[in-house]
Amino acid sequence: MRIPFDEAVKLLLKGEVVAIPTETVYGLAALYNSEVGVSEIFALKNRPPENPLILHVDSFDSILQFADVLPPHFKELADRFWPGPLTLVIPIIEDKIPSAIRANLPTQAFRVPSLPLTRELIVKTGPLVAPSANLSGSPSSTSFEHVEEDFGEEFPVLEGGSLEHGVESTILIYQEKKWWIGRLGAIPGEAFAEILGYLPQVQVKEGKPLCPGQHFRHYAPKARLHLTKSIPEGSVILGFMDRSYPKGSMVIPLGVSKNPAGVLRRLYQALRRLDREEIAEAYVDIDVPVDGLWATFHERVKKAARE
Ligand code: TXA
Ligand code: MG
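So, here's what we can say about the structure. (Residues numbered from 1 in each chain as written. Chains lettered and ligands numbered in written order. Predicted model: local features only at pLDDT ≥ 70, side-chain atom pairs only at ≥ 80, totals over all residues. Heavy atoms only, no water.)

**Looking at the sheet that holds strand β3 (residues 54–56)**
Argument step 1. Taken together, the eight strands give an open sheet; going across it, the order is β1-β2-β6-β3-β5-β4-β7-β8, and neighbouring strands pair in mixed fashion. If you trace the sheet from one side to the other, it starts and ends with β1 (18–20) and β8 (178–183), each paired once.
Argument step 2. Each of β4 (86–91), β7 (170–175) and β8 touches helix α3 (residues 74–81); the most contacted strand, β4, lies at about 160° to it. (Pairing = 2+ DSSP bridges. Helix = DSSP H or I, 4+ residues; strand = E, 2+ residues; numbered from the N terminus. Contact = heavy atoms within 4.5 Å. Axes fitted to C-alpha atoms, helices over the stretch in contact; angles between N-to-C directions.)

Here you go:
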């Protein structure tokens with residue numbers, strides 16, 4: 001159910017959960033210090049308690065109340081990429097942030113969203129935790145309709161129009177004197193090299209990803225997906241509008257093969273369409289580069305295909 005801005009503020013201040021837009025994907029938001037709101041988020045999504053939440057703040061300065069030592073390059077990264085689709089995970093003063101939102105870790109993930117509506121909201125409510133507004137394991141929501149599909153028509157949603165990125169923020173984690181990529185996302189890893197002086201790597205430690213969430217099933221439609229560079233005749237294809245495919249195939253367009261940002265913007269909508277149209281099997285054209293934002297594309301479709 002679409003609700004106006006003032007109603008969203010009112011519900012959030014009462015400790016309730018509201019779906020809100022950001023420039024990446026919709027989030028399921030609650031006040032970070034509302035015990036009821038936070039546990040409701042985990043319950044609604046069916047999210048494992050060991051998967052921590054991102055804290056959305058209105059500015060860099062808001063973080064200073066939670067952390068007393070900031071890692072090297074934190075300020076430069078924030079100055080360059082905030083507000084925007086970058087999440088930074090840093091050590092915090094533990095008694096300033098409820099342990100339930102950080103899954104008992106001594107760190108917290110922070111992000112300053114760039115969508116003006118989201119920041120205006122946070123100015124009124126204070127810091128908000130918000131995981132992506134989808135059932136745990138399913139593709140994220142990039143529209144009001146997607147949120148309704150997962151949480152029903154009565155669920156309160158602040159509508160935000162079309163989202164700039166349509167894919168989650170990139171997560172950087174400071175650990176062992178370096179920044180690591182915890183999750184690929186809307187900013188390519190190469191974009192950080194100039195500030196850091198090195199290319200941050202996707203780190204997996206003792207078989208465990210740095211972001212607990214990367215461990216779980218994710219972004220997956222019910223359909224069985226095949227990732228391929230050669231598409232059989234007569235199939236359903238998540239493909240590119242500037243390519244031709246074998247005859248008899250049905251193409252669900254992801255945009256053009258020269259524009260990875262546009263492709264990422266359409267990806268979740270395309271995955272959700274498979275379920276809505278009850279398509280049991282589909283092929284994803286992965287004949288695209290592997291660097292830049294394409295790395296995010298490959299990672300998301302691999303997870304969606306449960307590979
Ligand atoms: O773009 C986004 O980041 C969206 C919008 C709504 O802001 N949010 C989002 O949240 O994608 P969520 O909960 O779906 O994904 C957050 C990821 C999870 O993989 C979680 O494990 C990781 O961030 N994370 C959160 N806190 C962490 C921490 N302290 N250490 C490591 N990973 C953390
Ligand atoms: Mg998510």
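**Side note on the site of ligand 1**
Argument step 1. Lining the immediate surroundings of ligand 1 are 26 residues, of which T24, N51, H56, S169 and G213 lie closest.
Argument step 2. Between ligand 1 and the protein, one listed contact pairs an oxygen atom with a side-chain N or O atom of T24 at 2.7 Å.
Argument step 3. The separation between an oxygen atom of ligand 1 and a polar side-chain atom of R47 is 2.9 Å.
Argument step 4. Every element with two or more residues in the shell around ligand 1 is listed here: β3, β5 (107–111) and β7.
Argument step 5. With three residues, β5 is the single largest residue contributor to the shell around ligand 1. (Near = heavy atom within 4 Å. Polar contact = N/O pair within 3.5 Å; in protein donor to acceptor, adjacent residues only side chain to side chain.)

**Re the packing of aromatic side chains**
Argument step 1. This model, assessed by the stated rule, comprises eleven aromatic pairs.
Argument step 2. For the pair F151 and F155, a centre-to-centre distance of 5.5 Å together with 35° between the ring planes defines the contact as tilted.
Argument step 3. Residue F155 is classed as buried on the basis of its relative accessible area, which comes to 10%.
Argument step 4. Of the aromatic side chains, those joined through ring pairs into one cluster are Y32, F66 and F110.
Argument step 5. A cation over a ring is seen here: R80 above F81, with NZ or CZ 4.5 Å from the ring centre. (Phe/Tyr/Trp six-rings, centres within 6.5 Å; stacked < 30°, edge-to-face > 60°. Buried < 20%, exposed > 50% of the residue type's maximum accessible area, 1.4 Å probe, protein only. Lys NZ or Arg CZ within 6 Å of the ring centre and 35° of its normal.)

**Regarding the side chain of T125**
Argument step 1. For T125, the location among the structural elements is in helix α4 (residues 116–125).
Argument step 2. Not counting the four nearest positions on each side in its chain, T125 is found in contact with V9, L12, L13 and L31.

**Section: the sheet that holds strand β13 (residues 250–253)**
Argument step 1. An order of β11-β14-β12-β13 is seen for the four strands of this open sheet, with the pairing classed as parallel. Both edges of this open sheet fall to β11 (224–228) and β13, since each of them pairs with a single strand only. Here the average twist between neighbouring strands, direction ignored, is 30°.
Argument step 2. Bridge count between strand β12 (residues 236–239) and strand β14 (residues 281–285): two bridges; the pairing is parallel. Residue pairing for β14: L238 is matched across the bridge by V284.
Argument step 3. Running over the sheet, helix α7 (residues 260–276) touches β11, β12, β13 and β14 and is turned about 140° from β13.

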